[in-house]
Amino acid sequence: MLITGTFLDEISHDIPHQNWGEKEWDRDFAAMKSAGIDTVILIRCGHKRFITFPSKYLMDNEACFCPPLDLVELFLTLADKYDMTFYFGLYDSGKYWHRKECEKELTISKFVAEEAWKKYGHHKSFKGWYLNCEITRLQVGMTGLYRDLGNFVKDLSGNLPTMISPFICGVKCMPDNPVSTAEHEHDWDIILSEIKGAVDILAFQDGHCDYDELPEYLEINRDLARRYGMQSWTNCETFDRDMPIKFLPIKWEKMRLKLEAARKAQLDKAITFEFSHFMSPNSMYQSAHGLFDRYMEYRQELLS
């Protein structure tokens, strides 16, 4: 199971900012291409008051700061250049949906989607949408938010695919009260039944449960996705949730365990959160350079 997609996290909500400009991002897209990556997903176009493109709506209505560089335009231009598929991640207020004000979150996201499609929809690489409010279980209002927003952006863009990347409420998420696989399957059977047709890709994060538990979760996620006509991807986290420091590049042995589990579960695609910080030869973290080298050796072994 080789990684063929990555998130792009330039808001850097909970990881350090690398302060890259056009030259550095071009170099990193070239590194992604060399590693076989054909898909890039902007994890969010904005979070709270920081945004990746000069959204007039967000600056006027959410008091967002005007960014010094239009990163969405840059990422789409580079995706065009390197023949990659780009998914646009919508805005995350960081507050409304957490307070169960999902209608407010939906209203904002619709305006942002319209603005982004009008501004960037001409790019050949703009081929999908990421619905970025990440949940783990049934949550008041969230299935409606996914359904209504997914249907809206699909109607807006001529039925471009949509994806979500939820997480498992496992032992690394809730050490004292992790959900069982049966509870996980129960909740997501309900959620997916209610968003069928509005969401095309289910890409569960793989880092919140223990390594020996992951195969069973992956099989459940695969079967649920197929039941509701969705693709089943794995989001192979390349940062280490076992360390006391948040967040550092993962140990290669752990990453390989997760990729092998995804291979055995026969998932449709592997993406990662995320290449540029945690497994790029250009990362601020020296250990990411080593992870890149080990992964490229693994990739060559599988392709030879």
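Let us look at the structure shown here.

## A few points about a negative patch on the surface
For step 1, the next point in the chain: Among the surface-exposed residues, Glu185, Asp210, Asp212, Glu213, Glu216 and Glu219 lie close enough to one another that they form a single negatively charged patch.
For step 2, the next point in the chain: Structurally, Asp210 is set in the loop between β8 (201–205) and α7 (214–227).
For step 3, the next point in the chain: Classification of Asp210 as partly exposed rests on a relative accessible area of 34%.

## Considering the packing of helix α5 (residues 142–156) against helix α6 (residues 181–195)
For step 1, the next point in the chain: Between α5 and α6, whose axes approach to 9 Å, the crossing angle comes to 30°. Between α5 and α6, the crossing angle belongs to the class labelled roughly parallel. Like other packed secondary-structure pairs, α5 and α6 cross with a definite hand, here right-handed. Seen from α5, the contacting residues are Thr143, Tyr146 and Arg147; seen from α6, they are Ile191, Glu194 and Ile195.
For step 2, the next point in the chain: Across the contact of α5 with α6, the residue classes tally to 3 nonpolar, 1 polar and 2 charged.

## Considering the pattern of salt bridges
For step 1, the next point in the chain: In the structure shown here, the tally under the stated rule is 19 salt bridges.
For step 2, the next point in the chain: Measuring nitrogen to oxygen at the nearest pair gives 2.6 Å for the salt bridge that ties Asp60 to Lys56. Placement of the pair is Asp60 and Lys56 together in helix α2 (residues 56–61), with a separation of 4 residues, close to one helical turn.
For step 3, the next point in the chain: Measuring nitrogen to oxygen at the nearest pair gives 3.1 Å for the salt bridge that ties Lys251 to Glu253.
For step 4, the next point in the chain: For Glu253, a relative accessible area of 48% corresponds to the partly exposed category.
For step 5, the next point in the chain: When salt bridges that share partners are traced, they join Lys172, Asp240, Asp242 and Lys254 into one network.

## Thoughts on the environment of Cys236
For step 1, the next point in the chain: Mapped onto the elements of the fold, Cys236 is located in strand β9 (residues 231–237).
For step 2, the next point in the chain: Taking the relative accessible area as the measure of exposure, Cys236 reaches 1% and is therefore buried.
For step 3, the next point in the chain: For the pair formed by Cys236 and Tyr211, sequence separation is 25 residues and the distance between their alpha carbons is 12 Å.
For step 4, the next point in the chain: When near neighbours in sequence (up to four residues on either side) are disregarded, Cys236 contacts Asp206, Met255, Lys258, Leu259, Ile271, Thr272 and Phe273.

## Some thoughts on unusual backbone geometry
For step 1, the next point in the chain: Of note, the bond from Lys246 into Phe247 is cis; its omega dihedral lies within 30 degrees of zero at -10°.
For step 2, the next point in the chain: The residue Phe247 is located in the loop between β9 and α8 (252–264) in this model.
For step 3, the next point in the chain: With an omega dihedral of -25°, the bond running from Phe273 to Glu274 counts as a cis peptide bond.
For step 4, the next point in the chain: In this structure, Glu274 sits in the loop between β10 (269–273) and α9 (275–278).
For step 5, the next point in the chain: Unlike most non-glycine residues, Lys48 shows phi in positive territory, near 55°.
For step 6, the next point in the chain: Position of Lys48 among the secondary structure elements: in the loop between β3 (46–47) and β4 (50–51).
For step 7, the next point in the chain: One non-glycine residue, Asn159, adopts positive backbone phi at about 70°.

## Overview of helix α10 (residues 286–303)
For step 1, the next point in the chain: Between its first and last C-alpha atoms α10 spans 26 Å; for 18 residues at 1.5 Å apiece the expected length is 26 Å, and the two agree.
For step 2, the next point in the chain: Listed as buried for α10 are Ala288, Leu291, Phe292, Tyr295 and Tyr298. Along α10, the residues classed as buried sweep out an arc of 130° about the axis, all on the same side. Facing away from the buried side of α10 by more than 90 degrees, the exposed set consists of Gln286 and Gln300.
For step 3, the next point in the chain: Buried residues along α10 sit in contact with β1 (3–8), α1 (22–34), α8 and α9.

Rules used throughout
Residues numbered from 1 in each chain as written. Predicted model: local features only at pLDDT ≥ 70, side-chain atom pairs only at ≥ 80, totals over all residues. Heavy atoms only, no water. Patch = residues over 30% accessible without salt bridge, like charges linked within 9 Å, V, L, I, M, F, W, Y side chains within 5 Å. Areas by Shrake-Rupley, 256 points an atom, 1.4 Å probe, with all protein chains shown as cover. Salt bridge = Lys/Arg side-chain N within 4 Å of Asp/Glu carboxyl O. Lys, Arg positive; Asp, Glu negative; His and termini not counted. Charge placed at Lys NZ, Arg CZ, Asp CG, Glu CD. Helix = DSSP H or I, 4+ residues; strand = E, 2+ residues; numbered from the N terminus. Buried < 20%, exposed > 50% of the residue type's maximum accessible area, 1.4 Å probe, protein only. Axes fitted to C-alpha atoms, helices over the stretch in contact; angles between N-to-C directions. Parallel < 35°, antiparallel > 145°, perpendicular 65-115°, else oblique. Left-handed = near helix turned anticlockwise from the far one by under 90°. Contact = heavy atoms within 4.5 Å. Nonpolar A, V, L, I, M, F, W, Y, C, P; charged D, E, K, R; others polar. Expected span 1.5 Å × (residues − 1). Arc of directions from axis to C-beta.

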